[in-house]
Structures are given as C-alpha cells and as structure tokens.
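Here is how the chains run, residue by residue.
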Amino acid sequence: IIRINSTINGTMDNSNWELTEKGLFRSLRFESFTALTQFLAQLGPVADALDHHPDCVIRKAVILDVHLLTHDQKKVTEKDYGLATEIDRIGRNSTT
C-alpha cells in the first residue's frame, strides 16, 4: 500500500487516498446512514457526468469504502484521480 501525499493536477489533496493493488482506496465515515446515502446521492450525478463510477462497499451503516480503477485499462488513470477529487469535494461537507 502506498499512501498518496502529492497534489494531482494542482487541485487534489489526496492524502486520504491509498494506492493499492486494486487501485485507489479511501474509507469515509459518516454521522449516520442517512448522511452516507445523501453523499451517494450527490456522487451519483457526478460519476454519471464523468462516465466513471466507483466500486463502493457500505460497512457498519456509516462507513463507505471506495475503490477507483479504470477497469478497461486495468490501472489507475486520470479518470480515477478526477473522480477522487470530486469525492473529496463532496465528502468535505458530508463526513465526520
């Protein structure tokens, strides 16, 4: 696992993301299940607009594990970094 500490494209402080063998990974914790689902509702249209969608797993009702990988290229690409930036932006106002 490699923790990402640099800025991508001058906009992303991705120190919350890890580069794993499965791609970029981040866990987000929310105050409630409702807050988590509201986050996903905000993320959905963004992911659709980018035509790039995360793999998500909900744990313990308030933890969302997010994996990003460009599946057709079988590697992390700029699409993943761009979506990670959007997830960080949306999550800034939603997570604990």
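Being a predicted model, the structure only gives us computed values, none of them experimental. (Residues numbered from 1 in each chain as written. Predicted model: local features only at pLDDT ≥ 70, side-chain atom pairs only at ≥ 80, totals over all residues. Heavy atoms only, no water.)

**A few points about the packing of aromatic side chains**
Under the convention used in this document: Each aromatic pair joins two rings of Phe, Tyr and Trp (for Trp, the six-membered one) with centres within 6.5 Å, and gets the label stacked for planes under 30 degrees apart, edge-to-face for over 60, and tilted for any other angle. Each residue's exposure class comes from its accessible area (1.4 Å probe, protein chains only) as a fraction of the maximum for that residue type: buried when under 20%, exposed when over 50%, partly exposed otherwise.
Under the defined criterion, the tally for this structure stands at 1 aromatic pair. When the ring of F30 is compared with that of F39, the centres are 5.3 Å apart and the planes differ by 50°; the resulting orientation is tilted. Residue F30 shares its accessibility class with F39, and that shared class is buried.

**Digging into helix α1 (residues 33-50)**
Along an α-helix, residues three or four apart share an orientation, since each turn contains 3.6 residues. Selection rule: Comment: elements are numbered from the N terminus, with helices defined as DSSP H or I runs of at least four residues and strands as E runs of at least two. One fewer than the residue count of a helix, multiplied by 1.5 Å, yields its expected span. A residue's bend is simply the angle between two axes: one fitted to the seven residues ending at it, one to the seven starting at it. Two residues qualify as a contact provided that any one of their heavy atoms is within 4.5 Å of a heavy atom in the partner residue.
Between its terminal C-alpha atoms α1 stretches 25 Å, which fits the 26 Å expected from 18 residues at 1.5 Å a residue. Along its length, α1 shows its largest kink, about 25°, at L43, and proline P45 lies within four residues downstream of that point. Contacts made by the buried residues of α1 are with β5 (23-29), β6 (55-59), β7 (63-68) and α2 (78-91).

**Section: the environment of I90**
Considering the arrangement of structural elements, one finds I90 in helix α2. Here I90 falls in the buried class, since its relative accessible area comes to 4%. Sequence separation between I90 and L40 is 50 residues, and the spatial gap between their C-alpha atoms is 9.3 Å. Contacts of I90, omitting those with residues within four sequence positions, involve F39, Q42, L43 and V46.

**Considerations on the pattern of salt bridges**
Heads up, the condition is: Just to be clear on terms, a salt bridge is a Lys or Arg side-chain nitrogen sitting within 4 Å of an Asp or Glu carboxyl oxygen.
This model, assessed by the stated rule, comprises 3 salt bridges. R26 is the salt-bridge partner of D88, the closest N and O atoms lying 2.4 Å from each other. Remark: R26 occurs in strand β5 and D88 occurs in helix α2; sequence separation between them is 62 residues. The pair D88 / R26 is uniform in exposure class, with both members buried. For R59, the salt bridge is made with D65, and the minimal N-O distance between the two is 2.6 Å. By relative accessible area, D65 is classed as buried at 10%.

**Things to note about the pairing of β5**
As a reminder of what qualifies: For two strands to be treated as a pair, DSSP must find at least two bridges joining them.
Taken across its 7 residues, β5 has 5 buried, putting it largely inside the fold. A loop of 2 residues connects strand β4 (residues 18-20) with β5, the two strands running antiparallel in sequence. Inspection of the sheet shows β5 paired to β7 by 6 bridges, in the antiparallel sense. The partner of S27 across the bridge, within β7, is D65.

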